[in-house]
Each structure stands twice: as structure tokens, then as C-alpha cells.
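A structural walkthrough
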Amino acid sequence: MTLMKSLYAGVASASFALVAFSAVADEDDVKIVASFSILGDMVEEVVGDLAEVTTIVGPDADAHVYQPSVADAKAVAQADIIFVNGLGFETWSDTLIAESGTEATVHIATDGVTPVEVEGEIDPHAWNSLSNGVIYVTNVSETLQSAMPAHADQIAANADTYIAELKALDAETKAKLAGLPANRRTVVTAHDAFGYLADAYGLTFLAPVGIDTEAEPSAKDLAILIDQLKAEGAAALFVENIASPALVQQISDETGIEIGGRLYSDALSERGGPATSYLAMFQHNLSTLLNALDNQTAS
Ligand code: ZN
């Protein structure tokens, strides 16, 4: 009994120490690093102008195969708080964080997401369902409220406004995609980045490249996919902003299936593009899918 009591006392003081430690030293000079552009935008929406946010993998860039720069290592070294996606997305982040010598706390934005498996591997692209986006934003908000208690009310209010927008777009996406006929629901993208979108909104995505972009598809795998598309068809093909369109163009040439536009899978667009925020990216992907899949006579 005495032993149990002292164990509980130990646990209680340890968790108190953690909570105390998680507040940053100077709440008016907080440096936050986010691993890639979509997550960086979510963090900016929640923190507003209360802190400086640096994003490592920028717009239109591929975070799967990113090679960090000296400037990245410096940003990480100076950070107070680091947000990563997790689920195996950033293959380079553990090394970058360890070698930078940073004292920042590292937070995984996908904590609490139910992982989707694509061909036996965990799909890291969890942001491609808006209900997961709400989980990311909730995690970011809770972390920042603990780290910056003097600004907790403002952070919570920013997150509430943002989550309401994400939920409204989620409902709109469900309603609009629900109207598609069964034979207009299978599409092809360059790599398997839309497992969560497929699950959440009832579409089927096929891709010649797997969930990370590291490996080229074998000639055999590509031939199998092309044969499958010739036999079963697909409503449209889509190129992606982070990948060369050559492979998708080849599939289009060989199957006669049209390219329906460009989807933003793993990164926002550069400024001036159609997907400069997570919300704009999702809206763009929704309208691109609908333009290609809706209002067409089934063939
Ligand atoms: Zn990807």
C-alpha cells in the first residue's frame, strides 16, 4: 500500500513536471517548425500571428524523398515546437531532428487517426480526409495551448473557427460526391496518396506507384494496371503536383482514358496557384474530381 502510494506520487509529480516543461520560456517569441506545407498551413491557421512558423518541405515539393538543407537544420535547432505528420511520411525527419541538437518538443499531428492500409502498408496521407484534418487541428491546438498558456484562449478560438470550416467542407464533399453514379467512381492517380479520401467519400483510386514515391513501378506492374484499365475502365486519370505527369500521360495514351486535371496530393501549390491552403487544396481537388466525374454520359 505504501509502495503503491509512493508510485502514484511519483507518477503525479512526473506528469506535473511534463506539463510545466511543455510551456515555452518566452511566449512572445515562439518558433514553430512544421515538416511540410499542408501541416504548416494548419499550424498557421491555429496560431495566427502569435508565433513564427517555418515549413521544411515547401509547396509543390515531395516530402517522401526530401533531402534537408543546412537552413532546415538551423530552423529545427532554433525551434521550440516541431510538428510532423508521422505514419512514416517523413523518412528524413528523425535524423534531421536528432542531428540538429534541438531542444524542441516534437509532436505527431496524426495522433488519434485510424490508419488506412494500402496494399499492406500504412498510408501516411491522412490529411486527405477532412475528418482527419479536424484531428490534426485539434492536436495542434492542444499542443499550442499547453505551450503558450497566456494565449490559450486565442488559440482555442482560432482552432474552433477553423474546425467549423473543415466540417462544413467535409459535409459539402460528402453531399457532392454521393451523387456520382457507381461507374464514375474509379480514378487513377500517379501514386497512392488518396486512400483516406477513397474511404471517407466512397471512391476507388488506382495508382501505378505505391504510397511513397521512392520506387518506380516495374514494367510488369504498369502493364498489369494498363490491362486492368482496358478491361474494367476508369472514369478519369489525374496528374499530381508533386510528380512528373509522364507516367499518367503514358497510361492515358495506352488506355484512351482522359486526363481529368491535376490533384494536389502531398503539398500545397506555390503562391498564385489554386491550392495555397489546406482548405483551398481540398476545394480544388473536390472540384477537379467533380468536373471530370460528374455530368458525363457513362460510357
Ligand atoms: Zn505521397
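Residues numbered from 1 in each chain as written. Predicted model: local features only at pLDDT ≥ 70, side-chain atom pairs only at ≥ 80, totals over all residues. Heavy atoms only, no water.

Here we look at the overall build of the chain
Regarding its fold elements, the chain presents 10 helices and 10 strands. Relative to the compact-globule value of 19 Å for 299 residues, the chain shows a C-alpha radius of gyration of 21 Å, a close match. Each principal axis of the C-alpha atoms in the chain carries an extent, and together these give about 70 × 50 × 40 Å. When the 299 residues of the chain are sorted by exposure, 49% land in the buried category. A sequence separation of at least 24 residues applies to 66% of the contacts in the chain between residues at least 6 apart. (Helix = DSSP H or I, 4+ residues; strand = E, 2+ residues; numbered from the N terminus. Rg over C-alpha atoms; globule rule 2.2 N^0.38 Å. Buried < 20%, exposed > 50% of the residue type's maximum accessible area, 1.4 Å probe, protein only. Contact = heavy atoms within 4.5 Å.)

Looking at the sheet that holds strand β3 (residues 81-84)
The four strands are arranged β2-β1-β3-β4 in an open sheet whose pairing can be described as parallel. In this open sheet, the two strands that pair with only one neighbour each are β2 (52-57) and β4 (105-108). Averaged over all pairs of adjacent strands, the angle between their axes in this sheet comes to 20°, without regard to strand direction. Bridge analysis of β3 against β4 gives four bridges, and the strand direction is parallel. Within β4, the residue paired with Val84 across the bridge is Ile108. (Pairing = 2+ DSSP bridges. Axes fitted to C-alpha atoms, helices over the stretch in contact; angles between N-to-C directions.)

What to know about the coordination of the zinc ion
The protein atoms donating to the zinc ion are His64 (NE2), His125 (NE2), His191 (NE2) and Asp266 (OD), with metal-donor distances spanning 1.9 to 2.1 Å. Around the zinc ion, the four donor atoms are arranged such that angles at the metal cover 94 to 118°; this shape is classified as tetrahedral. Coordination of the zinc ion draws on donor residues from a single chain, spaced H-x60-H-x65-H-x74-D in sequence. Of this pair, His64 sits in the loop between β2 and α3 (70-78) while His125 sits in the loop between β6 (121-122) and α5 (130-147), placing them 61 residues apart in sequence. His64 gets classed as buried once you look at its relative accessible area, which sits at 3%. Overall, His125 belongs to the buried group, its relative accessible area being 0%. (Donors = N, O, S within 2.8 Å, 3.2 Å for Na, K, Ca; no water. Tetrahedral: all angles 85-135°; square planar, octahedral: opposite > 155°, others 65-115°.)

Things to note about empty space enclosed by the protein
Per the counting criterion, the structure on display carries one cavity of 30 Å³ or more. Estimated volume of the largest cavity: approximately 40 Å³. Every residue along the wall of the largest cavity is listed here: Val33, Ser35, Ile56, Val76, Ile82, Val84, Trp92, Ser93, Leu96 and Ile97. Looking at the lining of the largest cavity, the elements that each hand over two or more residues are β1 (31-36), β3 and α4 (93-100). Ranked by residues supplied to the lining of the largest cavity, first place goes to α4 with three residues. Among the residues forming the lining of the largest cavity, the class breakdown is eight nonpolar, two polar and no charged. (1 Å grid on protein atoms, 1.4 Å probe; cavity = no way out; pocket = protein on both sides within 12 Å on 5 of 7 lines; lining within 4 Å. Points joined across faces, edges and corners; volume = space filled by probe spheres on them. Nonpolar A, V, L, I, M, F, W, Y, C, P; charged D, E, K, R; others polar.)

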